[in-house]
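# Chain and residue survey
Residue strings, one per chain:
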Amino acid sequence: MSSQHKIKGTTVRPAPEEVDAARQHLDGRSIETTLRALLRAIAAEPDKVKAMLAPYWPPEKPRGRPRKTPPADQPSPDPK
């Protein structure tokens, strides 16, 4: 059964140490409202906010299932 919500949910799983380090500076605000404020700031002033965030962008995670075959630059295991 599909969701009846009009707004699509997004799952974010930051490392616990990232959450703990940031939470002490949120002045009682929740992580959810902080992330929503960040999204609004990017929408309002994209160049300014992205420049401010540049040193903090985490590396992209690979999406989807892991490959069944090794990439071309890695040899396949020798079957015995």
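Residues numbered from 1 in each chain as written. Predicted model: local features only at pLDDT ≥ 70, side-chain atom pairs only at ≥ 80, totals over all residues. Heavy atoms only, no water.

Check the secondary structure of the protein and you find 3 helices and 0 strands. Reading the helices (α) and strands (β) of the protein from amino to carboxyl end gives α-α-α. Residues counted as buried form 5% of the 80 residues belonging to the protein. Just so you have it, the protein exposes about 8,500 Å², and 56% of that area is on carbon and sulfur atoms. (Helix = DSSP H or I, 4+ residues; strand = E, 2+ residues; numbered from the N terminus. Buried < 20%, exposed > 50% of the residue type's maximum accessible area, 1.4 Å probe, protein only. Areas by Shrake-Rupley, 256 points an atom, 1.4 Å probe, with all protein chains shown as cover.)

For the structure shown, the criterion picks out 1 salt bridge. We note a salt bridge from Lys48 to Glu45, for which the minimum N-O separation is 3.7 Å. Taking relative accessible area as the criterion, Glu45 reaches 42% and is therefore assigned partly exposed. (Salt bridge = Lys/Arg side-chain N within 4 Å of Asp/Glu carboxyl O.)

Running from N to C, helix α2 (residues 31-44) and helix α3 (residues 46-53) cross one another at 125 degrees; their axes reach a closest spacing of 5 Å. When the axes of α2 and α3 are compared, the pair comes out oblique. On the side of α2, the interface is formed by Leu38, Ala41, Ile42, Ala43 and Ala44, while α3 contributes Pro46, Val49 and Leu53. (Axes fitted to C-alpha atoms, helices over the stretch in contact; angles between N-to-C directions. Parallel < 35°, antiparallel > 145°, perpendicular 65-115°, else oblique. Contact = heavy atoms within 4.5 Å.)

In this section: unusual backbone geometry. Positive phi values are uncommon outside glycine, yet Asp27 reaches one of about 55 degrees. Residue position: Asp27 is located in the loop between α1 (16-23) and α2. For Asp27, a relative accessible area of 67% corresponds to the exposed category.

Before going further, it helps to spend a moment on the environment of Gln24. By the secondary structure assignment, Gln24 is in the loop between α1 and α2. The exposure class of Gln24 is exposed, given its relative accessible area of 60%. For Gln24, the side chain forms a polar contact with the main-chain oxygen of Ala21, separated by 3.3 Å. (Polar contact = N/O pair within 3.5 Å; in protein donor to acceptor, adjacent residues only side chain to side chain.)

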